[in-house]
Structure formats: C-alpha cells, structure tokens
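Spelled out from the first residue to the last, the chains are:
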Amino acid sequence: MKRTLLITVLVFGLISSAFALNYTGGIKVGFGTSMLKNSALNYESELREALRCEITLTPVAFRLSNFDIGLYTQFALQGDTAIRSYTKILGYSSLSIGLSTYYCFTNSYQLGLNIGAGYSISKEFVTGSAFLEAMLVNTYNITRTFSVSLDTGLRYKKERFEFPITFSFSLKPFIKEE
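Description of the structure in this document. Please read all numbers here as calculations on a predicted model, not as lab measurements.

When helices and strands are tallied, the protein chain shows 1 helix and 9 strands. Secondary structure elements of the protein chain occur, N-terminal to C-terminal, as α-β-β-β-β-β-β-β-β-β. Counting contacts in the protein chain only where the partners sit at least 6 residues apart, residues at least 24 apart contribute 55% of the total.

What follows is the structure, given as structure tokens:
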C-alpha cells in the first residue's frame with residue numbers, strides 16, 4: 001500500500017510539473033566582434049579584432065518558474081584579423097552545441113550562461129580545431145516573443161583565446177501566455 005501511494009504521488013507530481021513547463025525554444029541572430037589573443041605567437045601581446053556573425057537555434061528549452069534551461073546549437077562565421085607584424089589570424093566557420101541556462105529577474109530582463117563545445121574549420125586552409133566556450137547573456141524582452149541581448153564570454157582553442165561580444169535579436173514564437 002505504501003509503495004502504491006508513493007508511486008501515485010510521484011506520477012502526479014511529474015504530470016503536474018510537466019504541465020507547468022513552458023516551451024521557450026527559438027532562433028537568435030547575432031552580429032559583433034571578437035577579440036583574439038594568439039597563444040602560438042610568443043612575441044605578440046596585443047589583442048586582435050575580427051568581425052563575427054552567428055545563428056543560434058534552441059530546439060529544446062523549457063521555463064519552470066524563473067529558470068529557463070535548454071540545449072542550443074550555434075553556427076558562427078568569423079572573419080580574418082587585420083595584418084599585423086606580417087601575420088593575420090584566419091577566420092573560420094564553426095558549429096557548437098551546449099547547455100543554456102537563464103534566470104528571469106523580471107518579465108523583461110534575463111541573465112543567462114551558455115556553456116558548450118564545438119568544432120571550427122579555417123577558411124583558407126581546411127584545418128579544424130575543437131574549442132570550449134562559456135558565454136554570459138544579458139537579455140531584454142521587448143515583447144513576449146521578441147528580445148534583444150548583449151552576449152560576451154570566452155572561447156578557448158589550443159592556439160588562441162577569443163573574447164566575443166555580440167548584439168543579438170531573438171525570436172521565441174512558441175511561448176505561452178501567462
């Protein structure tokens with residue numbers, strides 16, 4: 001009897017919490033710059049800049065109370081840096097996946113952290129490298145489904161550190177009315 005009661009309470013709790021979830025998946029387009037530090041060049045101490053464009057899809061994301069948790073996939077294009085000391089850092093295209101977490105302070109403002117890993121392929125030479133990334137995301141909701149955000153963070157590759165700063169527009173068309 002105790003086991004049946006416990007299973008019934010657990011099933012009821014899972015079903016009621018599933019109905020409380022709010023699907024928040026969507027698409028995000030961002031443009032910005034990336035500050036680069038090449039660790040392979042020992043004589044270079046200054047940061048370099050490169051333009052950046054990214055598209056982020058969030059196919060799985062749910063909001064429960066003030067927390068928004070999901071998985072993201074990001075495709076990014078980054079340009080070459082300017083030539084300095086007869087060298088330039090080549091641009092690349094990359095694909096990354098990871099976990100996105102947000103805390104909703106108000107209906108208009110969210111602060112989030114994205115942690116992921118990915119693989120990038122250089123433009124001119126067909127060479128690739130893996131990377132780890134952590135991004136801090138400041139989001140302001142203009143409407144219920146449209147928001148703008150300022151993202152900054154760190155991307156680590158074996159040969160360089162990157163500090164991307166992007167301004168993004170996000171559309172989440174499946175959010176339910178509260």
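This part covers the packing of aromatic side chains. Tallying each qualifying case throughout the model produces 6 aromatic pairs. The interplanar angle of 45 degrees and the centroid separation of 5.2 Å between the aromatic rings of Tyr156 and Phe161 together place this pair among those described as tilted. Ring plane angle 85 degrees and centroid distance 5.2 Å describe the contact between Phe167 and Phe169, whose orientation is recorded as edge-to-face. Phe167 sits in the partly exposed class, given a relative accessible area of 40%. Given a relative accessible area of 37%, Phe169 falls into the partly exposed group.

With that out of the way, let us pick up the pattern of salt bridges. What the rule picks out here adds up to 9 salt bridges. Its salt-bridge partner being Asp80, residue Lys88 comes within 3.5 Å of it at the nearest N-O pair. Residue Glu162 is joined to Arg160 by a salt bridge in which the shortest nitrogen-to-oxygen separation is 2.9 Å. Note on accessibility: Glu162 and Arg160 belong to one class, buried. Taken together, the shared-partner salt bridges in this structure form one network comprising Glu133, Arg155, Lys157, Arg160 and Glu162.

Let us look at the side chain of Thr58. Relative to the helices and strands, Thr58 is located in strand 3 (residues 48–64). If we skip the residues at most four places from it in the chain, Thr58 touches Tyr23, Gly25, Gly26, Leu71 and Tyr72.

All right, on to the side chain of Thr81 then. With respect to the helices, strands and loops of the structure, Thr81 is situated in the loop between strand 4 (67–78) and strand 5 (92–104). Within the structure, Thr81 has its side chain in polar contact with the side chain of Arg48 (distance 3.4 Å). At 2.8 Å, the side chain of Thr81 and the backbone nitrogen of Ile89 are in polar contact. If sequence neighbours within four positions are ignored, Thr81 has contacts with Leu36, Arg48, Glu49, Ala50, Lys88 and Ile89.

What follows is about the pairing of strand 2 (residues 26–38). One ladder, built from 11 bridges, connects strand 2 with strand 3; its direction is antiparallel. Paired with Met35 across the strands is Glu49, a residue of strand 3. Sheet topology places strand 2 next to strand 9 (residues 160–171); 12 bridges connect them, and they run antiparallel. Directly across from Gly32, in strand 9, lies its bridge partner Thr166.

Parameters at a glance
- Residues numbered from 1 in each chain as written.
- Predicted model: local features only at pLDDT ≥ 70, side-chain atom pairs only at ≥ 80, totals over all residues.
- Heavy atoms only, no water.
- Helix = DSSP H or I, 4+ residues; strand = E, 2+ residues; numbered from the N terminus.
- Contact = heavy atoms within 4.5 Å.
- Phe/Tyr/Trp six-rings, centres within 6.5 Å; stacked < 30°, edge-to-face > 60°.
- Buried < 20%, exposed > 50% of the residue type's maximum accessible area, 1.4 Å probe, protein only.
- Salt bridge = Lys/Arg side-chain N within 4 Å of Asp/Glu carboxyl O.
- Polar contact = N/O pair within 3.5 Å; in protein donor to acceptor, adjacent residues only side chain to side chain.
- Pairing = 2+ DSSP bridges.

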